[in-house]
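Per-entry structural report
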Amino acid sequence: MGFKCGIVGLPNVGKSTLFNALTRTAAAQAANFPFCTIEPNVGEVSVPDARLAKLAEIAGSKEVIPARLSFVDIAGLVKGASKGEGLGNQFLANIREVDAIAYVLRCFEDDDVVHVAGRVDPLADAEVVETELMLADLESLEKRSAGLEKRARGGDKDAKLTLDLIQRAIAILGEGKPARHVTRTADEEKPFRELMLLTAKPVLYVCNVDEDSAADGNEMTRKVAEYAAANGAASVVISAKIEAELAQLDDAEQAEYLETLGLAEPGLNRLIAEGYKLLGLQTYFTAGPKETRAWTIRKGARAPQAAGVIHTDFEKGFIRAQTIAYDDYVTLGGEVPAKEAGKARDEGKDYVVKDGDVMLFRFSS
């Protein structure tokens, strides 16, 4: 399991340029005019993880398979999109399918790149996008309320629960706050997710800056960081232009170029790290002569759930999981030495998998 992140924003903020760089493709047309993305583009990227190569070297693996995640480039929204302005709300359905939303905000000045509103103000851009998503959520909830009210009056418990959540969400949205601010219990999480609210999704603000601001950001990115923190979101600074150039270089050239810019790593790495943190994701590994592979699970997942990411049969027939901590595997030199040192543990169904665990599952078919 990886995650699917929707890339949204106003036209001409660098969304498609960033998408192209992230996926190393030219699938999304990047041009200096609004609505150059007509259909949502989906691209998969590998999750960079330095631990993979080390594990593969020790295990003598023929193949190394990183975890994967998807980015969805969704056409630029404009003020009034929820009511049909611009390309209308036909793209809002695509946003409903993602796990998190990255708002790309323009944090650079360039007279040659037209801004749809005629000014550069990332916070105003963020508010336009958020407002359109909130209006779409309100419309969706209000449409669903009537039918649920009738069922709730008839004694339908599920309808009563859902209606209560809807009413609380409408109240929050009416205050100008996104639906993710709705207070809910653990039992309410599942029905709340089933409402498929756009503004209930975790948000990451991606500040697209010029090359000179890539290392330390600028005044605009600092304002975005403050805004994100105040709204329970995260932010990351990226230069889409630099990322596009990096995508064309091999590893050695990338390292040299990053050093000249004063950057420790590509922006993609930071974006993925923030995305993982945002969604509460972590990685476990399988390693052997055939392949070393990274698998993505949610924090708190138990061993059978982790096994199920490989194949549903593994979860159904789960017996136990041989588990070696990453540091033990590397320090001791692999599976056999870890066993000899007593560091290979047999864990049962209640074991909560930790980030970096190297696992081998036993299951009955």
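All figures in this text were calculated on a predicted structure; none of them were measured in a lab.

A word on the packing of aromatic side chains. Per the stated rule, a full pass over the model turns up six aromatic pairs. Look at Tyr-103 and Tyr-205: their rings are 5.3 Å apart centre to centre, the planes differ by 80°, and that puts the pair in the edge-to-face class. Taken together, the residues span a long stretch of sequence, with Tyr-103 in strand β5 (residues 100-106) and Tyr-205 in strand β6 (residues 203-208) at a distance of 102 residues. Comparing Tyr-103 with Tyr-205, the two get one shared label, buried. In textbook terms, an aromatic cluster arises when at least three aromatic residues are bridged by ring pairs, as seen for Tyr-103, Tyr-205 and Tyr-227. The ring of Tyr-326 is capped by Arg-51, whose NZ or CZ atom sits 5.9 Å from the centre of that ring.

Looking now at the confidence of the model for the chain. Note: predicted coordinates in regions of low pLDDT should not be interpreted at a detailed level. Summarising the model, the chain shows a mean pLDDT of 85, and 88% of its residues fall at 70 or more. No element of the chain has a lower mean pLDDT than helix α3 (residues 92-96), at 76, and none a higher one than helix α13 (residues 326-332), at 98.

With that settled, the discussion passes to unusual backbone geometry. One can expect most non-glycine residues to show negative phi and most peptide bonds to be in trans. Its identity is not glycine, yet Met-196 carries a phi of approximately 55°, on the positive side. Structurally, Met-196 can be placed in the loop between α6 (189-193) and β6.

This part is about the side chain of Asp-137. Mapping Asp-137 onto the fold places it in helix α4 (residues 122-153). Among the polar contacts made by the side chain of Asp-137, one reaches the main-chain amide nitrogen of Leu-198 at a distance of 2.8 Å. In this view, Asp-137 contacts Arg-96, Leu-173, Leu-197, Leu-198 and Thr-199; residues no more than four positions away in its chain are not counted.

What follows is about the pairing of strand β4 (residues 68-73). Both faces of the sheet carry side chains from a regular strand, because those side chains alternate between them. Counting buried positions along β4 yields five of six residues, so the element is predominantly enclosed. Pairing of strand β1 (residues 4-8) with β4 involves four bridges; the strand directions are parallel. Across the sheet, Cys-5 pairs through a bridge with Phe-71, a residue of β4.

Judged by nonpolar contacts, the single largest core of 69 residues is most densely connected at Phe-71, Ile-95, Tyr-103, Tyr-205 and Val-206. The element best represented in this core is β5, accounting for six residues. Apart from residues no more than four positions distant in its own chain, Val-206 is found in contact with Leu-18, Ala-102, Tyr-103, Val-104, Leu-105, Val-236, Ile-238 and Leu-271.

Here we take up the packing of α4 against helix α5 (residues 157-174). Running from N to C, α4 and α5 point in directions that differ by 150°, and their axes come no closer than 9 Å. The angle between α4 and α5 places the two elements in the roughly antiparallel class. As α4 runs across α5, the sense of the crossing is left-handed. From α4, Met-134, Asp-137, Leu-138, Leu-141, Glu-142, Arg-144, Ser-145, Leu-148, Glu-149, Arg-151 and Ala-152 reach across to α5, where they touch Ala-159, Lys-160, Thr-162, Leu-163, Ile-166, Ala-169, Ile-170 and Leu-173. Its residues assigned to classes, the contact of α4 with α5 shows eleven nonpolar, two polar and six charged.

Of all nine residues in helix α1 (residues 15-23), eight are buried, a share of seventy percent or more. Listed as buried for α1 are Lys-15, Ser-16, Leu-18, Phe-19, Asn-20, Ala-21, Leu-22 and Thr-23.

The next point concerns the sheet that holds β5. As summarised here, the arrangement of the six strands in space is β2-β4-β1-β5-β6-β7, forming an open sheet in which the pairing is mixed. Edge strands, defined here as strands with exactly one partner in the open sheet, are β2 (41-46) and β7 (234-238). Between one strand axis and the next, the sheet turns through 25° on average, direction left out of account. Pairing of β5 with β6, which is carried by six bridges, proceeds in the parallel orientation. Bridged to Ile-101 within β6 is Val-203. Docked against the sheet, helix α10 (residues 267-279) engages β2, β4, β5, β6 and β7, running at close to 175° with respect to β7.

The subject of this paragraph is α10. Relative to the 18 Å expected for 13 residues at 1.5 Å per residue, α10 spans 18 Å between its end C-alpha atoms, a close match to the ideal helical length. Buried within α10 we find Gly-267, Leu-268, Leu-271, Ile-272, Glu-274, Gly-275, Tyr-276 and Leu-279. Note on α10: the residue one or two positions beyond its end, Gly-280, has a positive phi of about 70°.

Okay, the environment of Asp-121 next. Mapped onto the elements, Asp-121 comes out in the loop between β5 and α4. The spacing of Asp-121 and Met-220 is 99 residues in sequence and 7.9 Å in space, taken between C-alpha atoms.

A few words on the packing of α4 against helix α7 (residues 219-230). The N-to-C vectors of α4 and α7 enclose an angle of 40°; their axes lie 9 Å apart at closest approach. Put simply, α4 runs oblique to α7. Where α4 abuts α7, its residues Pro-122, Leu-123, Ala-126 and Glu-127 lie against Met-220, Lys-223, Val-224 and Tyr-227. Across the contact of α4 with α7, the residue classes break down as six nonpolar, no polar and two charged.

So, how was this worked out
- Residues numbered from 1 in each chain as written.
- Predicted model: local features only at pLDDT ≥ 70, side-chain atom pairs only at ≥ 80, totals over all residues.
- Heavy atoms only, no water.
- Phe/Tyr/Trp six-rings, centres within 6.5 Å; stacked < 30°, edge-to-face > 60°.
- Helix = DSSP H or I, 4+ residues; strand = E, 2+ residues; numbered from the N terminus.
- Buried < 20%, exposed > 50% of the residue type's maximum accessible area, 1.4 Å probe, protein only.
- Lys NZ or Arg CZ within 6 Å of the ring centre and 35° of its normal.
- pLDDT = per-residue confidence, 0-100.
- Polar contact = N/O pair within 3.5 Å; in protein donor to acceptor, adjacent residues only side chain to side chain.
- Contact = heavy atoms within 4.5 Å.
- Pairing = 2+ DSSP bridges.
- Core = buried A, V, L, I, M, F, W, Y, C linked by side-chain atoms within 4.5 Å.
- Axes fitted to C-alpha atoms, helices over the stretch in contact; angles between N-to-C directions.
- Parallel < 35°, antiparallel > 145°, perpendicular 65-115°, else oblique.
- Left-handed = near helix turned anticlockwise from the far one by under 90°.
- Nonpolar A, V, L, I, M, F, W, Y, C, P; charged D, E, K, R; others polar.
- Expected span 1.5 Å × (residues − 1).

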